[in-house]
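Spelled out, the chains give:
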Amino acid sequence: MYHTTQPGDSLYTISMQHKTTLQHLIDINPQISNPNMIRVGEKIEVGNPWVLNPWRGNEWRMGMEEYQKGIEEYRKGRAEYRKGRKEQLKYKKR
């Protein structure tokens with residue numbers, strides 16, 4: 001997949017738009033001799049959008065960690081609720 005540069009574009013902004021890294025763009029575009037200077041209208045390869053990019057893996061891992069923390073908190077809360085419910089039922093029976 002290619003990106004045609006527009007006024008104001010930089011390799012960094014292009015990498016952000018296509019959810020990849022700056023180093024990845026530099027690596028797959030050997031025709032760019034100076035990464036700090038690109039021309040308007042230049043075709044830059046951004047890679048295959050179907051290939052797992054370096055950030056997507058981290059996002060998934062971080063999301064799973066947050067999910068696990070949420071499950072833990074839910075279980076703790078549920079246990080506290082049950083404990084409180086048992087105490088409440090004790091006092092009602094008296």
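Predicted, not measured: the structure shown is a model, and the values here were computed from it. (Residues numbered from 1 in each chain as written. Predicted model: local features only at pLDDT ≥ 70, side-chain atom pairs only at ≥ 80, totals over all residues. Heavy atoms only, no water.)

Enquirer: Please set out the overall build of the chain residue by residue, giving values where relevant.
Expert: When its secondary structure is counted, the chain shows 3 helices and 2 strands. Sequence-ordered secondary structure for the chain, helices as α and strands as β, is β-α-α-β-α. Burial status across the chain gives 18% buried among its 94 residues. For the chain, the accessible area works out to roughly 7,900 Å², and carbon and sulfur atoms hold 55% of it. (Helix = DSSP H or I, 4+ residues; strand = E, 2+ residues; numbered from the N terminus. Buried < 20%, exposed > 50% of the residue type's maximum accessible area, 1.4 Å probe, protein only. Areas by Shrake-Rupley, 256 points an atom, 1.4 Å probe, with all protein chains shown as cover.)

Enquirer: Before we move on, could you go through the pattern of salt bridges and cite the residues and values that matter?
Expert: Summed over all chains, the structure comprises 2 salt bridges. In this structure, the salt-bridge partner of Lys69 is Glu66, at a minimum N-O distance of 3.7 Å. Taken together, the positions of Lys69 and Glu66, both in helix H3 (residues 54-93) and 3 residues apart, correspond to about one turn of that helix. Its relative accessible area of 49% is what places Lys69 among the partly exposed residues. (Salt bridge = Lys/Arg side-chain N within 4 Å of Asp/Glu carboxyl O.)

Enquirer: Lay out the packing of aromatic side chains with the relevant residues and their values.
Expert: Taken as a whole and judged by the stated rule, the model has 0 aromatic pairs. When the ring centre of Tyr2 is taken as reference, the NZ or CZ atom of Lys43 above it lies at 5.1 Å. (Phe/Tyr/Trp six-rings, centres within 6.5 Å; stacked < 30°, edge-to-face > 60°. Lys NZ or Arg CZ within 6 Å of the ring centre and 35° of its normal.)

Enquirer: Summarise the environment of Gly47; cite the residues concerned and give the values.
Expert: Position of Gly47 relative to the elements: it lies in the loop between strand E2 (43-45) and H3. When the C-alpha atoms of Gly47 and His3 are compared, they prove to be 9.7 Å apart, with 44 residues separating the residues in sequence. Setting aside its immediate chain neighbours within four residues, Gly47 contacts Met1, His24 and Ile28. (Contact = heavy atoms within 4.5 Å.)

Enquirer: Hey, could you go over unusual backbone geometry for me, with residue numbers and the actual values?
Expert: Residues other than glycine seldom take positive phi values, yet Lys19 does so here, at roughly 50°. Within the secondary structure layout, Lys19 lies in the loop between helix H1 (11-17) and helix H2 (22-28).

Enquirer: For the confidence of the model for the chain, give the residues involved together with the corresponding values.
Expert: When pLDDT is averaged across the chain, the result is 85; 85% of the residues are at 70 or more. When the elements of the chain are averaged for pLDDT, H3 gives the smallest value, 82, and E2 the largest, 93. (pLDDT = per-residue confidence, 0-100.)

Enquirer: Lay out the side chain of Glu42 in plain terms, naming residues and giving numbers.
Expert: Tracing the backbone through its elements, the reader meets Glu42 in the loop between H2 and E2. It turns out Glu42 is buried and unbridged, and the closest side chain with the opposite charge, Arg39, is 4.5 Å from it. Among the polar contacts listed, one links the side chain of Glu42 to the backbone nitrogen of Arg39, at a separation of 3.0 Å. Not counting residues up to four positions away in its chain, the partners in contact with Glu42 are His3, Thr4, Thr5 and Ile32. (Lys, Arg positive; Asp, Glu negative; His and termini not counted. Polar contact = N/O pair within 3.5 Å; in protein donor to acceptor, adjacent residues only side chain to side chain.)

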